Amino acid sequence: MWSPRLSVGHNGAVAHATSEPLVLGIETSCDETGVGIVLGRTLLADAVASSVEEHARFGGVVPEVASRAHLEAMVPTIERACSTAGVALRDVDAISVTAGPGLAGALLVGVAAAKSLALALEKPLYGVNHLAAHVAVDQLEHGPLPEPCLALLVSGGHSSLLRVADVTSSVEPMGSTIDDAAGEAFDKVARLLGLGFPGGPHIDRAAASGSSVAIDFPRGLTSGRDVERHRFDFSFSGLKTAVARWVQAREASGEPVPVADVAASFQEAVCDVLTRKAIDAALTEGIEDILIGGGVAANSRLRVLAEERASARGIRVRVPRPGLCTDNGAMVAALGAEMVARGRVASALDLPADSSMPVTQVLV
Ligand code: KG4
Ligand code: ZN
């Protein structure tokens, strides 16, 4: 357990004494500038500035645009978080920041800001892994993580199944996507259906009035030899191509494209594979708790199907509320606070931003 003694800054200065660490977390791995403040496992502020609208016309995140937006948003977002939390920067016990994986230029902005704060405030700095932070954030809503737990992380940039024995030190990959990420598939399919960006929420809404069994789209890596080689891996590019072909054929025939049915059937194919593989992985490992995180965890069908299938196998499912599933600073602060609480050694002030940081490296 954390004690005030452990909040000694890198220059030996002793921070204020509370029973739980007050941690400010910074997230800039993609297009969200997130600054969160937590007191132990209590969320005090979660300020997010998104550049998503600046990328919308390109149908995907443009790295240079994201980096510049982070630069502009950083100071105001830090100020907003402090004001919401009612804390002054000098009160903070530690700074944590996403060190990777993510867009290199975008990560650099957050890491530079975090280093400046740590240096100026003489507080310890924790450079943490973005994926582990997606797992740790659930503690802010549902309390301490079960150990071990099986994490299904699905977003625009990642789709992974992880065995998490200790979110501060032991995160092992069981499987991941071999092509597109799940969120990327939602974004691409939304684009070809003429829906907006990011595509997930649009597909989710359109699917509500469609039939999930209208079209039998393929379930990647779920049959034959694929299962032997890729039991816990995902593939969504074949599904995306199948949807594109189906829509093209329909357009060529002169008939209208039933957008709601295509959206619902596509969404069902993705959620079917994600839940099937997550439950298979949990059963194989003897794990009784599945945690779902990342932007796609906001999907309404994924939540329902996961709960339905898991409870039938005696497995519990935890999903943070949608605002905590998408990228934010609170998740980074949550992981930082857990690092402090478990007495992990802080990162060096010259820590690098690592765009391809492996998931097994939870702390730099
Ligand atoms: O975690 P996140 O905010 O950023 C990344 O690290 O990528 O996830 C964004 C992704 C996008 O691809 C978006 O389309 C998807 O999450 N998403 C959804 C939903 N809400 C967001 N996908 C499916 N259903 C949703 N309701
Ligand atoms: Zn993410």
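Above this text sits the structure in question.
Here the structure is a predicted model, which means the values were calculated and not measured.

Participant: Help me out: how do you make sense of the side chain of D289 in this one?
Facilitator: Along the chain, the position of D289 falls in strand β9 (residues 289-293). A residue is classified by how much of its surface remains accessible, and D289, at 8% relative accessible area, is buried. A polar contact is formed between the side chain of D289 and the side chain of R316, at a distance of 2.8 Å. With residues up to four places along the chain from it excluded, the contact list for D289 reads P146, C149, L150, I315 and R316.

Participant: Quick question: what am I supposed to make of the coordination of the zinc ion (ligand 2) here?
Facilitator: Note on metal geometry: ideal angles are 109.5 degrees for four donors arranged tetrahedrally and 90 or 180 degrees for six donors arranged octahedrally. Surrounding the zinc ion (ligand 2) are the protein donor atoms H130 (NE2), H134 (NE2) and D327 (OD), at 2.1 to 2.2 Å. With 4 donor atoms in place around the zinc ion (ligand 2) and angles of 88 to 151° between them, the coordination shape is irregular. In the primary sequence, the donor residues of the zinc ion (ligand 2) line up as H-x3-H-x192-D. Placement of H130 in helix α4 (residues 130-136) and of D327 in the loop between α12 (322-325) and α13 (329-341) is noted, with a sequence separation of 197 residues between them. We classify H130 as buried; its relative accessible area is 1%. Take D327: its relative accessible area is 14%, and that puts it in the buried class.

Participant: What should I look at first to understand the site of ligand 1 in this one?
Facilitator: Taken together, 22 residues surround ligand 1, and among them G156, D187, G200, D204 and G295 come closest. For ligand 1, an oxygen atom lies 3.4 Å from a polar atom in the side chain of S155. Contact distances for ligand 1 include 3.1 Å between an oxygen atom and a backbone N or O atom of G183. Look at ligand 1: alone it shows 550 Å² of surface, and the protein chains cover 90% of it.

Participant: Where do I start with the sheet that holds strand β1 (residues 22-27) in this structure?
Facilitator: Note on sheets: strands pair through backbone hydrogen bonds, and any given pair is parallel or antiparallel. Read across the sheet, 5 strands follow the order β3-β2-β1-β4-β5 without closing on themselves; strand pairing throughout is mixed. The open sheet is flanked by β3 (42-50) and β5 (125-129), the only strands paired with a single partner. Strand-to-strand, the axes of this sheet are offset by a mean angle of 20°, without reference to chain direction. As paired elements, β1 and strand β4 (residues 94-100) share 4 bridges and run parallel to each other. Bridge pairing links L24 to I95 in β4.

How each quantity is defined
- Residues numbered from 1 in each chain as written.
- Chains lettered and ligands numbered in written order.
- Predicted model: local features only at pLDDT ≥ 70, side-chain atom pairs only at ≥ 80, totals over all residues.
- Heavy atoms only, no water.
- Helix = DSSP H or I, 4+ residues; strand = E, 2+ residues; numbered from the N terminus.
- Buried < 20%, exposed > 50% of the residue type's maximum accessible area, 1.4 Å probe, protein only.
- Polar contact = N/O pair within 3.5 Å; in protein donor to acceptor, adjacent residues only side chain to side chain.
- Contact = heavy atoms within 4.5 Å.
- Donors = N, O, S within 2.8 Å, 3.2 Å for Na, K, Ca; no water.
- Tetrahedral: all angles 85-135°; square planar, octahedral: opposite > 155°, others 65-115°.
- Near = heavy atom within 4 Å.
- Areas by Shrake-Rupley, 256 points an atom, 1.4 Å probe, with all protein chains shown as cover.
- Pairing = 2+ DSSP bridges.
- Axes fitted to C-alpha atoms, helices over the stretch in contact; angles between N-to-C directions.

Don't take any of this as a statement about function, it's just geometry.
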